[in-house]
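Listed here are the chains, written in short residue letters.
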Amino acid sequence: LRHKQMEVENNLRRIGKVELPEFTPILGSAKTQFYRNKLEFTFSNKRWMTYEEMNSEKKFDSMNAVGFHIPGMFDKVLDIEKCWLQDDIQNQIRNEIRRYAIENELSFFDLRAQEGFLRTMLVRTTSTGELMLIVVFYHEDKANRERLLSHLADMFPQITSLLYVINSKANDTITDQEIHIFKGADCIYENMEGLRFKIGAKSFYQTNSEQAYNLYKIAREFAQLSGDELVYDLYTGTGTIANFVARSVRKVIGIEYVPEAIEDAKVNSAINGIENTLFFAGDMKNVLNEEFLKFHGKPDVIITDPPRAGMHEDVVKTMLVADPKRIVYVSCNSATQARDLNLLDEKYRVTRVQAVDMFPHTHHVENVVLLERR
């Protein structure tokens, strides 16, 4: 936590070169184990051997593994028996799939040769007790696929959404793949402060649910909402922040690059009876322009939560034209955030900074900055 706080402070000072307030201490995560709501594992027929294993007398019957990639070794996977980052149900499911697959001679994927049956698996959980399992196969083998998925459905009645994908392309991403329902619903739901959020197979949702709630509360507090504001939520994703603040404002306009995410955002408003949100899909620098501001009105507050690369310079320029009273900048990369703060400095001063640890045991850190018009 001390290191993460130092990183944020150093980046804002050295890269931002703007006047800064006194930093508040980083907000640590109450949970440092079992805090994730999503994990993805890879199947591989090239198991990574640890030094201990290579030097032991133990004989390994199989080189199959399901677990995490080794850094710098794209085709090697460390076999995971117990992962401490997500509810233990994922360990039970993963270990059972491995056992069943080896016993029934289902082939694990060969990343170099691009062949094999089992490719990846993804487990998503929610605080409401719902559970999604997605099994990704490299090719269709209906008999074996159905036997495996039926076995998992019988073994784990906790699975409320059992999905599968046939992905025969070169990379692992499933965002461009068709999702098939084997059993249950096509989504799961998360609750936050009385709001329900739909999470589909391709949806983005902050992976630390409890700490995400704290992050959004800080963003809302920094926004100082009185109930009559027009708020722009940039890089809105599935509209989590937009819907989270909607009850405290007159209107929220969310903009996001991914069309599917915007559809989720609209659904999230609908299922919560929220009628004062508007969502637009498209490249931020193309959507957010002076014409957009004239048509929809200049915002009183802008909340922005861009990807790691930060904001395009054209977006920053349009924000300066928009001239909101306050900007709340949520960032997962304080270096690019600092660069953007420098560009905003001509009209805005930084008045509050709050780092938030969303990912214990990693170097990643979120940071929230409040900018107020000079």
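Quick note: structure is the one above.
Residues numbered from 1 in each chain as written. Predicted model: local features only at pLDDT ≥ 70, side-chain atom pairs only at ≥ 80, totals over all residues. Heavy atoms only, no water.

Visitor: So what's going on with the overall build of the protein chain? Which residues, and what values?
Guide: Each helix and strand counted, the protein chain has 11 helices and 16 strands in total. Taking 2.2 N^0.38 as the reference for a compact globule, 374 residues should give roughly 21 Å; the C-alpha atoms of the protein chain span a radius of gyration of 23 Å, in line with that estimate. Along the first, second and third principal axes, the C-alpha atoms of the protein chain reach 70 × 45 × 35 Å. Taking as baseline every contact in the protein chain between residues at least 6 positions apart, the subset at least 24 positions apart corresponds to 66%. Counting every atom, the protein chain has about 17,400 Å² of accessible surface; 51% of that belongs to carbon and sulfur. Here the protein chain holds 47 positive side-chain charges and 54 negative ones, and the gap between their average locations is 3 Å. (Helix = DSSP H or I, 4+ residues; strand = E, 2+ residues; numbered from the N terminus. Rg over C-alpha atoms; globule rule 2.2 N^0.38 Å. Contact = heavy atoms within 4.5 Å. Areas by Shrake-Rupley, 256 points an atom, 1.4 Å probe, with all protein chains shown as cover. Lys, Arg positive; Asp, Glu negative; His and termini not counted. Charge placed at Lys NZ, Arg CZ, Asp CG, Glu CD.)

Visitor: Residues and numbers for the pattern of salt bridges, please.
Guide: What the rule picks out here adds up to 26 salt bridges. When the shortest N-O distance is used, the salt bridge between lysine 46 and aspartate 110 registers 2.9 Å. Residue lysine 46 is found in the loop between β1 (38-44) and α2 (51-54), and its partner aspartate 110 is found in the loop between α3 (89-103) and β4 (118-125); the two are separated by 64 residues along the sequence. With a relative accessible area of 25%, lysine 46 lands in the partly exposed category. One salt bridge in this structure joins glutamate 103 and arginine 99, with 2.8 Å as the shortest N-O distance. Taken together, the residues span about one helical turn, with glutamate 103 and arginine 99 both in helix α3 at a distance of 4 residues. Its relative accessible area of 36% is what places arginine 99 among the partly exposed residues. Several salt bridges converge on common partners, so that one network encompasses Asp228, Arg250, Asp300 and Lys325. (Salt bridge = Lys/Arg side-chain N within 4 Å of Asp/Glu carboxyl O. Buried < 20%, exposed > 50% of the residue type's maximum accessible area, 1.4 Å probe, protein only.)

Visitor: Tell me about the sheet that holds β4, and please be specific about residues and values.
Guide: If you walk across this open sheet you meet the 7 strands as β3-β2-β1-β4-β5-β6-β7, and the pairing is mixed. The strands lining the two open edges of the sheet, one partner per strand, are β3 (73-79) and β7 (180-184). If you compare each strand with its neighbour and ignore which way they point, the axes differ by 30° on average. In this sheet, strand β2 (residues 65-70) lies alongside β1 in antiparallel orientation, the contact comprising 3 bridges. If you follow serine 44 over to β2, its bridge partner there is alanine 65. Packing of α3 onto the sheet brings it into contact with β1, β2, β3, β4 and β5 (131-137), and relative to β4 it is tilted by some 160°. With respect to the sheet, helix α4 (residues 142-155) is in contact with β4, β5, β6 (161-166) and β7, its orientation differing from that of β5 by roughly 160°. (Pairing = 2+ DSSP bridges. Axes fitted to C-alpha atoms, helices over the stretch in contact; angles between N-to-C directions.)

Visitor: I'd love a proper account of the nonpolar core, names of residues and values included.
Guide: In terms of nonpolar packing, the biggest core is built from 44 residues, with Ile134 and Val328 touching the most fellow members. Sorting elements by how many residues they give to this core places helix α5 (residues 209-223) first, with 7 residues. Other than its neighbours up to four places away in sequence, valine 328 contacts Ala219, Phe222, Ala223, Ile302, Ile303, Thr304, Val368, Val369 and Leu370. By size, the runner-up hydrophobic cluster in this structure holds 35 residues, among which are Leu12, Leu293, Tyr329 and Tyr348. (Core = buried A, V, L, I, M, F, W, Y, C linked by side-chain atoms within 4.5 Å.)

Visitor: Which residues make up the packing of aromatic side chains, and what are the values?
Guide: In total, this model carries 10 aromatic pairs according to the counting rule given. Taking 5.3 Å as the distance between ring centres and 85° as the angle between the ring planes, the aromatic pair formed by phenylalanine 280 and phenylalanine 292 counts as edge-to-face. One end of the pair, phenylalanine 280, is in strand β12 (residues 277-281); the other, phenylalanine 292, is in helix α9 (residues 290-296), and 12 residues separate them in sequence. The class for phenylalanine 280 is partly exposed, based on a relative accessible area of 24%. (Phe/Tyr/Trp six-rings, centres within 6.5 Å; stacked < 30°, edge-to-face > 60°.)

Visitor: Give a detailed account of the pairing of β5, specifying residues and quantitative values.
Guide: Within β5, 7 of the 7 residues are buried, which leaves it mostly tucked inside the rest of the structure. Burial along β5 is two-sided: the face carrying Leu131, Leu133, Val135 and Phe137 and the face carrying Met132, Ile134 and Val136 are both buried. Where β4 lies against β5, 7 bridges are found, and the strand directions are antiparallel. When the bridges of β5 are listed, methionine 121 appears paired with valine 135. Counted between consecutive antiparallel strands, the loop separating β4 from β5 contains 5 residues, among which glycine 129 sits at a positive phi close to 90°. With α4 bridging β5 and its parallel neighbour β6, the resulting β-α-β unit is right-handed. (Right-handed = clockwise from strand over helix to strand, strands pointing away.)

Visitor: Explain helix α11 (residues 334-344) to me, using residue names and the numbers behind them.
Guide: Within the span of α11, buried status applies to Ser334, Thr336, Gln337, Ala338, Asp340, Leu341 and Leu344. Buried residues in α11 make contact with α1 (2-16), α10 (313-322), β14 (326-331), β15 (348-356) and β16 (366-373).

Visitor: Hey, could you go over helix α7 (residues 259-271) for me, with residue numbers and the actual values?
Guide: Its 13 residues give α7 an end-to-end C-alpha distance of 19 Å, which sits within 8% of 18 Å, the value for a rise of 1.5 Å per residue. For α7, the full list of buried residues reads Ala261, Ile262, Asp264, Ala265, Asn268 and Ser269. Viewed along the axis of α7, the buried residues span an arc of 155°, placing them on a single side of the element. Looking at the buried residues of α7, the elements they touch are β9 (195-200), α6 (240-245), β11 (251-256) and β12. (Expected span 1.5 Å × (residues − 1). Arc of directions from axis to C-beta.)

Visitor: Can you lay out the pairing of β16 for me, pointing to particular residues and giving the numbers?
Guide: With 6 of its 8 residues buried, β16 lies for the most part within the structure. Summarising the sheet, β14 and β16 pair through 6 bridges and their orientation is antiparallel. Bridging from a neighbouring strand, valine 328 pairs with leucine 370 of β16. As defined by bridge partners, β15 adjoins β16 across 8 bridges and the pair is classed as antiparallel. Paired with glutamine 354 across the bridge in β16 is valine 368.

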